[in-house]
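Chain and residue survey
As a plain string of letters, each chain reads:
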Amino acid sequence: MSAQFGGRTGRQGKLSQWLRGRRPKEAAGDDGRQALLLAAAAAGLPLAPAAHPGTGYGCSCDRVGCPTPARHPVSFAWQTQSTTDRGQIERWARHQPQANFITATGMVHDVLDVPLEAGREAMERLLAAGIEVGPVAESDDGRLLFFTSTRGTPEDEDEWWPCELDCHPETMDEHPGLRWHCRGSYVLVPPARLPGDDGRAVRWVRGPEHPLPDPLSLLEALTDACARHVGEEPGHVGSAWPMRH
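The subject of this paragraph is the overall build of the protein. A tally of helices and strands in the protein yields seven helices and nine strands. Within the protein, buried positions represent 46% of all 245 residues. In the protein, of all internal contacts separated by at least 6 residues, the share reaching a separation of at least 24 is 74%. For the protein, the computed accessible surface area is about 12,400 Å², with 52% contributed by carbon and sulfur atoms.

Written out as C-alpha cells, the structure is:
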C-alpha cells in the first residue's frame with residue numbers, strides 16, 4: 001500500500017507515512033512469523049490466509065457459532081488462492097498481521113493428522129528405526145501433524161484417496177484417530193494461534209527444511225500407535241482410515 005500512495009501529498013501521503021512508521025514496530029513484534037511462513041512456502045507448501053482467534057474462544061470471521069474458530073481459510077477460493085509465491089505471502093503477512101495461514105493438501109503434500117501421544121510414540125519409533133520422518137507440527141489442541149509427499153494425484157485414479165471420503169477438517173471430534181488430509185483438505189501451518197487465553201498455538205517440532213517422506217513409510221507406525229492410544233479412550237473405537245474412491 002505504501003508503494004501505491006508513496007510520494008503523494010495530503011491524506012494519501014499521511015496514510016503512506018503512517019504505514020511506513022508502523023511497519024518496523026510490526027516487524028519487531030512479528031516473532032519470526034513471516035520468516036516461518038516463507039520457509040514453509042520455500043519448501044513447496046502452498047499457503048493461503050486463514051481466520052485468527054477472536055474474543056475469548058471466538059473467531060475473527062464473526063460467524064455465530066463458528067465450528068472451527070481460527071482454523072479455516074478466509075476465502076472460499078482457498079484452493080486456487082493457495083500459493084508459494086514469496087511476494088504474495090509477504091503482502092498477506094504484512095496486511096493481515098493477525099491472520100493464521102492454512103496450507104492446501106493434495107497438491108504437493110499430504111498430512112497425516114494423529115492424536116498427540118500416539119504421534120509422539122510413533123515418531124520416536126520411526127526415528128529410532130532410521131526412517132525419514134519429515135516435517136512435523138504440534139497443535140495444542142492435542143494433535144500431531146506429519147507432512148508427507150502427496151498421493152492426491154496418482155496416475156491411477158483408483159489409488160486416489162480424497163479427504164471427503166475420510167473426513168473434513170471440521171469433523172475432528174468424529175474422527176479421533178488418524179486423519180489423512182489429501183486432495184480437497186487443508187491444515188493450519190505454523191506459526192498459528194488457537195482460540196483461548198492460554199496461548200495455545202501450532203508450532204513446528206521438525207521444520208519444513210526436512211524432505212517430505214512417502215506417507216506409506218509412516219502409515220503402519222502411525223496406525224499402530226493410534227489403535228493403542230485411541231482404543232484406550234472411553235467411547236472411542238479404533239481409528240479413522242482414509243477410504244478409496
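Looking now at the pattern of salt bridges. Under the defined criterion, the tally for this structure stands at 11 salt bridges. Notably, a salt bridge pairs E117 with R120, separated by 3.1 Å at the nearest N-O pair. Taken together, the positions of E117 and R120, both in helix α6 (residues 116-128) and three residues apart, correspond to about one turn of that helix. Given a relative accessible area of 43%, E117 falls into the partly exposed group. When its relative accessible area of 36% is taken as the criterion, R120 is described as partly exposed. Between E121 and R228 there is a salt bridge, with its nearest N and O atoms 2.1 Å apart. Linking E121 in helix α6 with R228 in helix α7 (residues 216-231), this pair joins segments that are 107 residues apart in sequence. Taking the relative accessible area as the measure of exposure, R228 reaches 39% and is therefore partly exposed. Members of the salt-bridge network, linked through shared partners, are D113, R143 and R179.

Looking at the secondary structure, you find H109 in strand β3 (residues 109-115). Residue contacts for H109: discarding those within four places in its chain leaves L45, P46, T103, A104, F147, T148, S149, T150 and L212.

This part is about the sheet that holds strand β7 (residues 186-189). Spatially, the three strands line up as an open sheet ordered β1-β2-β7, and their pairing is antiparallel. The open sheet has two free edges, formed respectively by β1 (47-50) and β7, since each of these has just one partner strand. Each strand of the sheet is rotated relative to its neighbour by a mean of 40 degrees, with strand direction disregarded. Where β1 meets strand β2 (residues 100-104), four bridges bridge the pair, whose relative direction is antiparallel. For A48, the partnering residue across the bridge sits in β2 and is I102. This element, helix α5 (residues 86-95), spans β1 and β2 of the sheet and lies at about 15 degrees to β1.

Let us look at the nonpolar core. Residues L47, F147 and V189 are the most contacted members of the largest nonpolar core, which totals 27 residues. Every element with two or more residues in this core is listed here: α3 (33-42), β1, α5, β2, β5 (143-149), β7 and β9 (201-206). Filtering out sequence-adjacent residues up to four positions away, F147 remains in contact with L45, T103, H109, D110, V111, V133, P135, A137, V187, W204, L212 and P213. Formed by 20 residues, the second largest nonpolar core is a distinct cluster that contains L112, A118, A122 and C182.

So, about the environment of A40. If you trace the backbone, A40 turns up in helix α3. The exposure class assigned to A40 is buried, which follows from its relative accessible area of 0%. C-alpha of A40 to C-alpha of E209: the two residues are 169 residues apart in sequence and 8.1 Å apart in space. Aside from chain neighbours lying at most four places away, what touches A40 is L45, V189 and P208.

This paragraph deals with the pairing of β3. When you tally the buried positions in β3, you get seven out of seven residues, the bulk of the element. Strand direction decides the pairing type here: β3 and strand β6 (residues 179-181), joined by three bridges, are antiparallel. Following the sheet pairing, V111 is matched in β6 by H181.

Let us now look at the confidence of the model for the protein. Put simply, the protein has an average pLDDT of 78, and 71% of its residues get 70 or more. When mean pLDDT is taken per element in the protein, strand β4 (residues 136-139) scores highest with 98 and helix α1 (residues 2-5) scores lowest with 33. Scored below 50 in pLDDT, residues 1-29 shows 17 contacts in the model against residues more than four places distant or in partner chains. Across residues 160-169, confidence stays below pLDDT 50; counting only partners more than four residues off in sequence or on other chains, it has 38 contacts.

For α5, the set of buried residues is I89, W92 and A93. Projected onto a plane normal to the axis of α5, the buried residues spread over an arc of 95 degrees and lie on a single side. Contacts made by the buried residues of α5 are with α3, β1, α4 (78-81) and β2. The opening residue of α5 is D85, an N-cap whose side-chain oxygen sits 3.3 Å from the backbone nitrogen of G87.

About the thresholds
- Residues numbered from 1 in each chain as written.
- Predicted model: local features only at pLDDT ≥ 70, side-chain atom pairs only at ≥ 80, totals over all residues.
- Heavy atoms only, no water.
- Helix = DSSP H or I, 4+ residues; strand = E, 2+ residues; numbered from the N terminus.
- Buried < 20%, exposed > 50% of the residue type's maximum accessible area, 1.4 Å probe, protein only.
- Contact = heavy atoms within 4.5 Å.
- Areas by Shrake-Rupley, 256 points an atom, 1.4 Å probe, with all protein chains shown as cover.
- Salt bridge = Lys/Arg side-chain N within 4 Å of Asp/Glu carboxyl O.
- Pairing = 2+ DSSP bridges.
- Axes fitted to C-alpha atoms, helices over the stretch in contact; angles between N-to-C directions.
- Core = buried A, V, L, I, M, F, W, Y, C linked by side-chain atoms within 4.5 Å.
- pLDDT = per-residue confidence, 0-100.
- Arc of directions from axis to C-beta.
- Polar contact = N/O pair within 3.5 Å; in protein donor to acceptor, adjacent residues only side chain to side chain.

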